[in-house]
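# Summary of structural features
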Amino acid sequence: MIHIKTREEIEAMRPACRHAANTLVMIEPYIKPGITTDEINDLVHEYTIRHGAIPAPLNYHGFPKSVCTSVNHVVCHGIPGDKKLRDGDIINVDVTSIIDGWHGDTSKTFYVGTPKVRARKVVEVARRALEIGIEQVRPGARLGDIGHAIQQYVEGERCSVVREYCGHGIGRAFHEEPQVLHFGKPGTGVELKEGMVFTIEPMVNLGKPGVKVLRDGWTVVTRDKSLSAQFEHTVAVTADGCEILTLPD
């Protein structure tokens, strides 16, 4: 079941979405060589609590931290720890905030210090892939249109799209229907309707699309150890297009 949200419900989601976006703005100056991913987690946790929000990842199906930090060849769900960031790394910080029972979900891949050419390539392709996906969102379009547009662009740039993980509906639950694949055929899948709210979050690998989950049960990495990057927004389908809800103040 896909929950078509009323205007009032979308308004109720705005604080959580805005908080998640503001969290990424807050953390950016700290993303530099020498900081640990655990320190990033602590900063995000403290900021979240201080602003009256709840970090959704913490204890979600047993996830032990308040934010996901995915470095270099980690695709998603990286668990913060004592790993220090180094000059030339890339790191995706994935934030989901809860305010008044509503979720807001967004992520961004940051450069650590001076990016190398290959790192800049995968990050900028992932950034543009999200933009292209969002451009497809309007009433009457299909979920397959989003996936197809992202896939065509990414593969045209000689990168690959991760198949196993996707965007999702969001609202009072962290993950709702529909699933939003980042590959597919145009004209297929669920028809988009005003009031749908979901994330688009393409995971782009510099090498092949294959991934695997590490023994911790969470951390997803590229099988070929190639770099991976991701960007994510929560979007709402409007009468004539869509609105990005996860924009900062």
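Right above here is the structure, for reference.
Here's a quick rundown of the structure. Since we're looking at a predicted model, the values are computed, not measured.

### Some words on the pattern of salt bridges
Tallying each qualifying case throughout the model produces 12 salt bridges. Glutamate 243 is the salt-bridge partner of arginine 14, the closest N and O atoms lying 2.7 Å from each other. Of this pair, arginine 14 sits in helix 1 (residues 7–27) while glutamate 243 sits in strand 15 (residues 242–244); the two residues are 229 residues apart in sequence, bridging distant segments of the chain. For glutamate 243, a relative accessible area of 29% puts it in the partly exposed group. We note a salt bridge from arginine 18 to aspartate 249, for which the minimum N-O separation is 3.5 Å.

### Observations regarding the sheet that holds strand 12 (residues 220–222)
Read from one edge of the open sheet, three strands run 3-12-11, paired in antiparallel fashion. What marks the edges here is a single partner per strand, and that holds for strand 3 (74–76) and strand 11 (211–213). Within the sheet, the average angular offset between the axes of one strand and its neighbour, ignoring direction, is 40°. Judged from the three bridges that link them, strand 11 and strand 12 form a sheet pairing that is antiparallel. Directly across from valine 211, in strand 12, lies its bridge partner threonine 222.

### Notes on the side chain of threonine 69
Examined against the element boundaries, threonine 69 turns out to sit in strand 2 (residues 68–71). With residues near it in sequence (within four places) discarded, threonine 69 still touches Thr37, Ile40, Gly78, Ile79, Pro80, Ile91 and Asn92.

### Side note on the packing of aromatic side chains
Tallied over the entire structure, the rule returns two aromatic pairs. Lying across the ring of tyrosine 111, arginine 120 places its NZ or CZ 5.2 Å from the centre.

### What about the packing of helix 3 (residues 117–135) against helix 4 (residues 143–156)?
The contact between helix 3 and helix 4 brings their axes to 9 Å, and the two run at 150°. By the criterion of interaxial angle, the relationship of helix 3 to helix 4 is roughly antiparallel. Helix 4 is crossed by helix 3, and the crossing has right-handed handedness. On the side of helix 3, the interface is formed by Glu124, Val125, Arg128, Ala129, Ile132 and Gly133, while helix 4 contributes Ile146, Ala149, Ile150, Tyr153 and Val154. The class makeup of the residues in the contact of helix 3 with helix 4 is eight nonpolar, one polar and two charged.

### Concerning the sheet that holds strand 13 (residues 228–230)
Taken in spatial order, the three strands of this open sheet run 6-10-13, and their pairing is antiparallel. Two strands lie at the open edges of the sheet, namely strand 6 (160–161) and strand 13, each paired on one side alone. Of the strand pairs in this sheet, strand 10 (residues 203–205) and strand 13 are connected by three bridges, and their pairing is antiparallel. Bridge pairing in strand 13 places valine 204 opposite alanine 229.

### Description of the pairing of strand 9 (residues 197–200)
Neither face of strand 9 is left uncovered, since the one carrying Val197 and Thr199 and the one carrying Phe198 and Ile200 both have all their residues buried. Where strand 9 and strand 14 (residues 233–237) come together, four bridges link them in antiparallel fashion. From the neighbouring strand, valine 197 faces strand 14, where its bridge partner is alanine 236.

About the cut-offs
- Residue indices follow the written sequence of each chain, beginning from 1 at its first position.
- This being a predicted model, a pLDDT of at least 70 is required before a residue's local features are given, and a value of 80 or more before pairs of side-chain atoms are given or counted; all residues contribute to the totals for chains, interfaces and linings.
- Remark: hydrogens and water are excluded; side-chain values derive from all non-hydrogen atoms of the structure.
- Think of a salt bridge as a Lys or Arg side-chain nitrogen and an Asp or Glu carboxyl oxygen that are within 4 Å of each other.
- Put simply, DSSP marks the helices as runs of H or I at least four residues long and the strands as runs of E at least two long, and each gets a number from the N terminus on.
- Burial here depends on accessible area, computed with a 1.4 Å probe over protein chains only, as a share of the maximum for the residue type. Under 20% is buried, over 50% is exposed, and the range in between is partly exposed.
- We treat two strands as partners when DSSP finds at least two bridges between them.
- Fitted lines through C-alpha atoms give the axes, limited to the stretch in contact for helices. The angle between two N-to-C directions lies from 0 to 180 degrees.
- In what follows, residue pairs with any heavy atoms lying within 4.5 Å of each other are defined as contacts.
- Working definition: a ring pair exists when centres of Phe, Tyr or Trp rings (six-membered ring for Trp) sit within 6.5 Å. Plane angles under 30 degrees give stacked, over 60 give edge-to-face, the rest tilted.
- Two thresholds decide whether a charge sits over a ring: the Lys NZ or Arg CZ must be within 6 Å of the ring centre and within 35 degrees of the ring normal.
- An angle below 35 degrees is treated as roughly parallel, one above 145 as roughly antiparallel, one from 65 to 115 as roughly perpendicular, and anything else as oblique.
- Note on convention: near helix rotated counterclockwise from far helix by under a right angle means a left-handed crossing. Clockwise means right-handed.
- Think of it as three bins: nonpolar holds Ala, Val, Leu, Ile, Met, Phe, Trp, Tyr, Cys and Pro, charged holds Asp, Glu, Lys and Arg, and polar takes everything else, Gly as well.

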